[in-house]
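# Commentary on secondary and tertiary structure
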Amino acid sequence: MSLFGGSASQARSRNLVEFKAGKMNLRGNMVYPDKRKGLLYLYQGNDMLMHLCWKDRSNNSTEDDLVIFPDEIEFKKVTQSTTGRVYILKWRINSRKLFFWMQEPKEDQDEEFCKKINDLLNHPPTPGFGDDISDTHPLQPFMERMAGGAGSGIDPNDLSNVLRNLDPNDFASLLSSSFGRSGRSTGLIQGTQHSGGSSSSSTQHVTDSRPNTAPASTTVTSTTRNSGSSSKPRNGGTSSSSPAAAPKSTASSTASSGSKSGSIQMSALTSVLANLSSNATEATTSSSKPVIDLCDIMTNENLVSLLANKDVQEKLRAHLPEDNTIPNTEEELKESIQSPQFRQIVSAFSVALQSGELGPVLIQFGLPDDAIKAANQGDLQAFAQALEKHYKKSHEEKSSDNTMDTS
Amino acid sequence: MASGEWCLIESDPGVFTDLINGFEANGVQVEEIFSLDDDSLQQMKPCHGLIFLFKWQETDASNENMVKDSRLDEIFFAKQVITNACATQAIVSVLLNCTHEDLKLGSTLSEFKEFAQAFDPQMRGLALSNSEKIRYVHNSFARQQLFEFDSRDEKKDEDAFHFIAYIPFKGRLYELDGLKEAPIDHGAIPTDTEWTDIARPIVRQRMEKYSEGEIHFSLMAVVSELRRKYERQLEQILADSALTDDERNDKTSHLSILIHEEERKRESYRIENLRRRHNWLPFIVEMLKAYATQGLLVPAVDKAVVAKEAEKKRETDKKRKRI
């Protein structure tokens, strides 16, 4: 007797649904389909979790493996254009979105695949209990409007209206949400999770009239003051998580270029972008920020300077693990900081901070407002700057009360 | 943490040793083996099981020598049901098959063994994953999940660790692989031979295979508690009137050093555990504030960003050249 079926003995069972599909990417300032032939598939691991994966059919390598929980996403066709077989994978809890384009030679199964993905992800098979598939979930208003445009495709005016009403962060996510190497499910996390990574989605408009070809390239030019370039998520050592700097929308008035018949709609998009107010002071693309591990900044040199200050030492020692048998000394402090256990936690902290998760947690420490804001946006540099702005100044102001041990 | 969930734990001899004690089993400890060739295994005998861990999910397809007979009722073999529970499963497998007098199994594991003895491997795996007590101890060694933050990517990198146990059982060598259907019989252990001598070539073969593929692996041994062993030896020596004073002093000082080593080891496991379980968040925040106060933070972060970007550029360039 086997409760989990024969598949429990393997790392994963065979795919529950699979179909040929391509990804869509953001590269630099251009948004266009990834022309590679791919396969989007779903399997249930032996941990009972649902994995949505994309693999490159030319070399059979799986590039993306997302764990998705029930009620976390919706998978829907994004346009009524008959030639554009573009689908959106949209998260409910935040504004993360991913786009795919169908590569199956015939369209007739598209709908079925779409339904299967939704049903399986939102009602994963439970062994012995049967599947209980209920109605599909109601559409989000945004998606309804997108999909409900009159005629085929989307009227540019309608598009711009809709986009104008989007929260800038949502919109930036629309542009830059990615299906990066380390796509992470957000099922257990409340609040926003911004994804990083090296690829991204396009808008949903597809204008190419030939079937089975990739949607037309669309471009969105955005000014970015951040010089960061696309980067791969950090995968070293024990913390291998995706970078997740918050995407920020940008204002731009540059016309789109390089697209084919889709250019009319795209220029509408870019002018909309130009009109959107941005609450970001710094424009970036989400994939541009490399994820820094704060362990790297805790060099010996830095530590020596840091610990030279007795005041700092005292403050830090107060937060060491309490244990009568461990002497609360400078030596212990140094050892703790250099211990693998501490460093592992610093790495985890770094990732959490840069994914925008820690804002709420850090409030309790009385950190300055702009530091919290930076934390909410997952912007490490802004966080660092905010902290220095606040603490360095007050330190200098108190320089007459110098407790620096310069001996 | 949802009930029923097993957290990721470190593959570390200190963690595994404390885990065993957490299960209230006594008399054994886990040591890491760095080389099969030297006499480290010899020095640490009696050895009750070898645990080979490697970073790979694929299990080789061969089903040779799989046990299919009534021995299945005697050997405690459980199929792997939960990935994160892997380590605990391997350790429990070794312990439940060990009949050596040094091992005191304790009530938790004895009860579990009784309960699950009559089940098939699948059900045993399930029973293990449902054992609240065992899971509770396992999870107490979890990597800190400070932030309600499900770092699944961390898990992805780590959960590719797979554990295989080798045990001597009633005069034969068995391989217990939770991803397979049954134990594998590697043959009889000749009398007057250490079982580890028989296991050595088999384990070595695996090691070589994984080295070629640059796959990380570790080897751990479940051995009788060393400190107790040394203390017994010390007693014997002190009582041995046949030794000269010099000989006696030599041996006792040597053993004292070894005993002291063990004490130090246990103490560092304890401290590591304290550090593992401590909430470091206030400390980290304080540290960042201190860096900021001294103007060290921004330059260090900026420098790290630049370095990362340069690294990324190098990688992208490399990729482009390949295409």
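Numbers given for residues are sequential positions, taken from 1 along each chain in its written order. All chains are assigned letters beginning with A, and all ligands numbers beginning with 1, in the order in which they are written. Whole-chain, interface and lining totals are the exception, using all residues; otherwise, since this is a predicted model, local features are given only for residues with pLDDT of at least 70 and side-chain atom pairs are given and counted only at 80 or more. Side-chain metrics in this entry use all non-hydrogen atoms of the structure; hydrogen atoms and water are not considered.

Time to look at the overall build of chain B. On a plain count of helices and strands, chain B comes out with 13 helices and six strands. Classification of residues uses two cut-offs on accessible area relative to the type maximum, computed with a 1.4 Å probe and protein chains only: under 20% is buried, over 50% is exposed, and between them is partly exposed. Here chain B, with 323 residues, has 54% of them falling under the buried criterion. Working rule for contacts: check all heavy atoms of both residues, and any pair within 4.5 Å makes them a contact. A separation threshold of at least 6 residues defines the contact pool for chain B, and within that pool the share at least 24 residues apart is 76%. Method for areas: the Shrake-Rupley scheme with a 1.4 Å probe, in which residue coverage is limited to the protein chains shown. As displayed, chain B has an accessible area near 15200 Å², and 51% of this comes from carbon and sulfur atoms. Numbering of helices and strands starts at the N terminus; helices are DSSP runs of H or I of at least 4 residues and strands are runs of E of at least 2.

Here the focus is the nonpolar core. Side-chain atoms within 4.5 Å are what join buried Ala, Val, Leu, Ile, Met, Phe, Trp, Tyr and Cys residues into a set we call a nonpolar core. Of all hydrophobic cores here, the largest spans 49 residues; its most connected members are Leu 362 and Phe 383 of chain A together with Met 287 of chain B. Where this core is concerned, the elements lending two or more residues are helix H6 (300-308), helix H7 (310-317), helix H8 (330-338), helix H9 (340-354), helix H11 (369-376) and helix H12 (380-397) of chain A together with helix H12 (281-293) and helix H13 (297-322) of chain B. Setting aside residues up to four positions removed in sequence, Phe 383 of chain A forms contacts with Leu 353, Leu 362, Leu 367, Ala 371, Ala 374 and Ala 375 of chain A together with Leu 288 of chain B. In terms of nonpolar packing, the next biggest core, distinct from the first, is built from 46 residues, Val 28, Cys 86, Ala 90 and Val 94 of chain B among them.

A separate point is the pairing of strand E3 (residues 38-44) of chain A. Residue and element names in this part refer to chain A. Most of E3 is tucked away: seven of the seven residues are buried. Where burial is concerned, the two faces of E3 agree: the one with Gly 38, Leu 40, Leu 42 and Gln 44 and the one with Leu 39, Tyr 41 and Tyr 43 are both buried. When DSSP finds two or more bridges between a pair of strands, those strands are recorded as paired. Linking E3 back to strand E4 (residues 50-56) in an antiparallel pair, the connection comprises five residues, with Met 48 at a positive phi of about 70°.

What follows is about the confidence of the model for chain B. Residues and elements named next belong to chain B. Every residue is assigned a pLDDT by the predictor, reflecting its confidence on a scale from 0 to 100. For chain B, per-residue confidence averages 86 on the pLDDT scale, and residues scoring 70 or more make up 90% of the total. Scored below 50 in pLDDT, residues 149-159 makes 46 contacts in the model with residues more than four places away or belonging to other chains. Model confidence for the complex: the whole-complex pTM is 0.56, and ipTM, which rates the interface, is 0.78.

All names here are of chain B. UniProt positions are given in the numbering used here, feature names are shortened, and annotations may be inferred rather than shown by experiment. When the UniProt feature table is mapped onto this chain numbering, "active site" (unreviewed entry) sits at Cys 86 and His 162. On the basis of their most widely separated C-alpha atoms, the annotated residues across 77 residues gather in one place, lying no more than 6.8 Å apart. Note that Cys 86 resides in helix H4 (residues 86-96). Apart from the residues lying within four places of it in its own chain, the contact partners of Cys 86 are Gln 80, Phe 161, His 162 and Phe 163.

Next up on the list: the confidence of the model for chain A. All names here are of chain A. When the pLDDT values of chain A are averaged, the result is 62; 49% of them are 70 or greater. At the low end of the mean pLDDT range in chain A sits strand E9 (residues 218-219), at 34; at the high end sits H11, at 91. In the predicted structure, residues 128-156 sits below a pLDDT of 50 and forms 48 contacts with residues beyond four places in sequence or in another chain. In the model, residues 166-287 has pLDDT below 50 throughout and makes 327 contacts with residues more than four positions away in sequence or in other chains.

Residues and elements named next belong to chain B. Within the secondary structure, Asn 84 is located in the loop between helix H3 (71-74) and H4. Accessibility expressed as a relative area gives 14% for Asn 84, which makes it buried. In the structure, Asn 84 is positioned 77 residues away from Phe 161 in sequence and 9.0 Å away in space, judged by C-alpha atoms.

Residues enter patches when their relative accessible area tops 30% and they take part in no salt bridge; the joining distance is 9 Å for like charges and 5 Å for the nonpolar side chains Val, Leu, Ile, Met, Phe, Trp and Tyr. By definition, a salt bridge exists where a carboxyl oxygen of Asp or Glu is found within 4 Å of a side-chain nitrogen of Lys or Arg. For the purpose of charge, His is not counted, nor are the chain termini; Lys and Arg are scored as positive and Asp and Glu as negative. For the purpose of locating charges, the reference atoms are NZ of Lys, CZ of Arg, CG of Asp and CD of Glu. Together, Asp 240, Asp 246, Glu 247 and Asp 250 of chain B line one region of the surface with negative charge. Looking at the secondary structure, you find Glu 247 of chain B in helix H11 (residues 245-277).

Quick look at the packing of aromatic side chains now. Ring pairs shown here join Phe, Tyr and Trp side chains whose ring centres sit within 6.5 Å, with only the six-membered ring taken for Trp; geometry is labelled stacked below 30 degrees between planes, edge-to-face above 60, and tilted in between. What the rule picks out here adds up to 14 aromatic pairs over all chains. Aromatic pair Phe 342 of chain A and Phe 283 of chain B: ring centres 5.3 Å apart, planes at 80°, arrangement edge-to-face. Placement of Phe 342 of chain A in helix H9 and of Phe 283 of chain B in helix H12 is noted, with the two residues assigned to different chains. Phe 283 of chain B carries the same exposure label as Phe 342 of chain A, and that label is buried. Among the aromatic side chains, those forming a connected cluster through ring pairs are Phe 19, Phe 75, Tyr 87, Phe 100 and Phe 113 of chain A. The side chain of Arg 124 of chain B reaches across the aromatic face of Phe 76 of chain B, ending 4.8 Å from its centre. The rule for a charge over a ring is simple: NZ of Lys or CZ of Arg within 6 Å of the ring centre, and within 35 degrees of the ring normal. For Arg 277 of chain B, the ring lying beneath its charged end belongs to Phe 141 of chain B, and the centroid distance is 4.9 Å.

This part takes up the pattern of salt bridges. Here the structure, examined in full by the defined rule, presents 37 salt bridges over all chains. Between Lys 23 of chain A and Glu 63 of chain A there is a salt bridge, and its shortest N-O distance comes to 2.9 Å. Placement of Lys 23 of chain A in strand E1 (residues 17-27) and of Glu 63 of chain A in strand E5 (residues 61-68) is noted, with a sequence separation of 40 residues between them. What makes Lys 23 of chain A buried here is its relative accessible area of 3%. One salt bridge in this structure joins Lys 265 of chain B and Glu 262 of chain B, with 2.9 Å as the shortest N-O distance. One end of the pair, Lys 265 of chain B, and the other, Glu 262 of chain B, are both in helix H11, three residues apart, so they sit about a helical turn from each other.

A few words on the side chain of Glu 10 of chain B. Mapped onto the elements, Glu 10 of chain B comes out in the segment before helix H1 (13-22). Looking at Glu 10 of chain B, its side chain comes within polar contact range of the side chain of Arg 276 of chain B, at 2.8 Å. Pairs of N or O atoms are called polar contacts if they sit within 3.5 Å, as long as, within protein, a hydrogen donor faces a hydrogen acceptor (for residues adjacent in sequence, only side-chain-to-side-chain pairs).

Residue and element names in this part refer to chain B. Those residues of helix H5 (residues 106-116) that sit buried are Thr 108, Leu 109, Phe 112 and Ala 116. Buried residues of H5, viewed axially, fall in a sector of 85°; they line one side. For H5, the elements touching its buried residues are H4, helix H6 (121-130) and helix H7 (132-139). Think of the arc as the fan of directions from the helix axis to the C-beta atoms.

Residue and element names in this part refer to chain B. With antiparallel pairing, six strands are arranged side by side in an open sheet as E1-E6-E2-E3-E4-E5. Sheet topology places strand E1 (28-33) and strand E5 (184-188) at the edges, where each strand pairs with a single neighbour. Direction aside, neighbouring strands of the sheet carry axes that sit 20° apart on average. In the sheet, strand E3 (residues 161-169) pairs with strand E4 (residues 172-177) via six bridges, with the strands oriented antiparallel. Bridged to Ile 167 within E4 is Tyr 174. Orientation is described by lines fitted to C-alpha atoms, with helices fitted over the stretch in contact, and by angles between N-to-C directions that extend from 0 to 180 degrees. Across the sheet, H1 is in contact with E1, E3 and strand E6 (217-224); its angle to E1 comes to roughly 165°.

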